[in-house]
Amino acid sequence: MIGRLNHVAIAVSDIEAAAAVYRDTLGASVSAKEAQPDHGVSTVFITLPNTKIELLEPLGENSPIAKFLEKNPSGGIHHVCYEVEDIIAARDKLKAEGARVLGDGEPKIGAHGKPVLFLHPKDFLGTLTELEQA
């Protein structure tokens, strides 16, 4: 079921400063900042040869990233994202095996314009896991 690693997401309080580290210090290709109001974040993607890094910054006071940054003021890894061929089939299989899908269980459109779901970190070794339709 699980496909390739799509990205690792890092929560940051200053997305411009974080992007500069990747762009200026590490020489990486960095996308423009984009607001993702449905998810309460702004994103920047760093393109690597084999995957991406997603930088997440809170968008609004009710952002789920704001609470993460309260607990981790210097930022940190927020989630990992894996591709799946069929997100509905993956969701149904995981739920049948006892995994908890966050939210209402229905996919939302993610930053890449594809359906995504998040899985409860307590079911996946303490790691918030995102699934994205390939």
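In this report, the structure presented in the accompanying data block is examined. (Residues numbered from 1 in each chain as written. Predicted model: local features only at pLDDT ≥ 70, side-chain atom pairs only at ≥ 80, totals over all residues. Heavy atoms only, no water.)

Assigned secondary structure in the chain consists of three helices and nine strands. Taking the principal axes of its C-alpha atoms as reference, the chain extends roughly 45 × 35 × 25 Å. Scored against the burial criterion, the 134 residues of the chain give a buried share of 44%. In the chain, 54% of the contacts between residues at least 6 apart in sequence involve partners at least 24 apart. Total accessible area computed for the chain in this model is approximately 7500 Å², and 54% of it derives from carbon and sulfur atoms. The distance from the centre of the 13 positive side-chain charges to the centre of the 19 negative ones in the chain is 4 Å. (Helix = DSSP H or I, 4+ residues; strand = E, 2+ residues; numbered from the N terminus. Buried < 20%, exposed > 50% of the residue type's maximum accessible area, 1.4 Å probe, protein only. Contact = heavy atoms within 4.5 Å. Areas by Shrake-Rupley, 256 points an atom, 1.4 Å probe, with all protein chains shown as cover. Lys, Arg positive; Asp, Glu negative; His and termini not counted. Charge placed at Lys NZ, Arg CZ, Asp CG, Glu CD.)

Where a strand is regular, its side chains alternate between the two sheet faces. In this sheet, strand 6 (residues 76-84) lies alongside strand 1 (residues 2-11) in antiparallel orientation, the contact comprising seven bridges. Residue pairing for strand 6: I10 is matched across the bridge by I77. Sheet topology note: the strand 6/strand 9 (residues 129-133) ladder contains five bridges and is parallel. Bridge pairing links E83 to E132 in strand 9. (Pairing = 2+ DSSP bridges.)

Its place among the elements puts G3 in strand 1. On the accessibility criterion, G3 (37% relative accessible area) is partly exposed. For the pair formed by G3 and V101, sequence separation is 98 residues and the distance between their alpha carbons is 18 Å. If near-sequence neighbours (up to four positions away) are discounted, G3 is found in contact with Y82 and E83.

On to the nonpolar core, then. Membership of the largest hydrophobic core comes to 13 residues, with the highest contact counts inside it found for I10, V12, Y22, V44, I46, I53 and L55. Those elements that provide at least two residues to this core are strand 1, helix 1 (15-25), strand 4 (41-47) and strand 5 (52-58). Among the elements that make up this core, the one with the highest residue count is helix 1 (four residues). Discounting residues that sit within four places of it in the chain, Y22 has contacts with I10, G27, A28, V30, I46, I53 and L55. (Core = buried A, V, L, I, M, F, W, Y, C linked by side-chain atoms within 4.5 Å.)

Before going further, it helps to spend a moment on the side chain of T129. Take T129: it is sitting in strand 9. Within the structure, T129 has its side chain in polar contact with the backbone oxygen of T127 (distance 3.1 Å). What T129 contacts, discounting residues up to four positions off in sequence, is V80, Y82, L117, F118, L119 and F124. (Polar contact = N/O pair within 3.5 Å; in protein donor to acceptor, adjacent residues only side chain to side chain.)

Moving on to the pattern of salt bridges. If you walk through the whole model with that rule in mind, you get eight salt bridges. The partner of K33 in a salt bridge is E57, with the nearest N and O atoms 3.0 Å apart. Linking K33 in the loop between strand 2 (29-30) and strand 3 (34-36) with E57 in strand 5, this pair joins segments that are 24 residues apart in sequence. Taking relative accessible area as the criterion, K33 reaches 40% and is therefore assigned partly exposed. By relative accessible area, E57 is classed as buried at 10%. The shortest N-O distance in the salt bridge between R91 and D92 comes to 3.0 Å. Judged by relative accessible area, which is 10%, R91 ranks as buried. Residue D92 is classed as partly exposed on the basis of its relative accessible area, which comes to 40%. In this structure, a network of salt bridges that share partners links the residues E16, K33 and E57. (Salt bridge = Lys/Arg side-chain N within 4 Å of Asp/Glu carboxyl O.)

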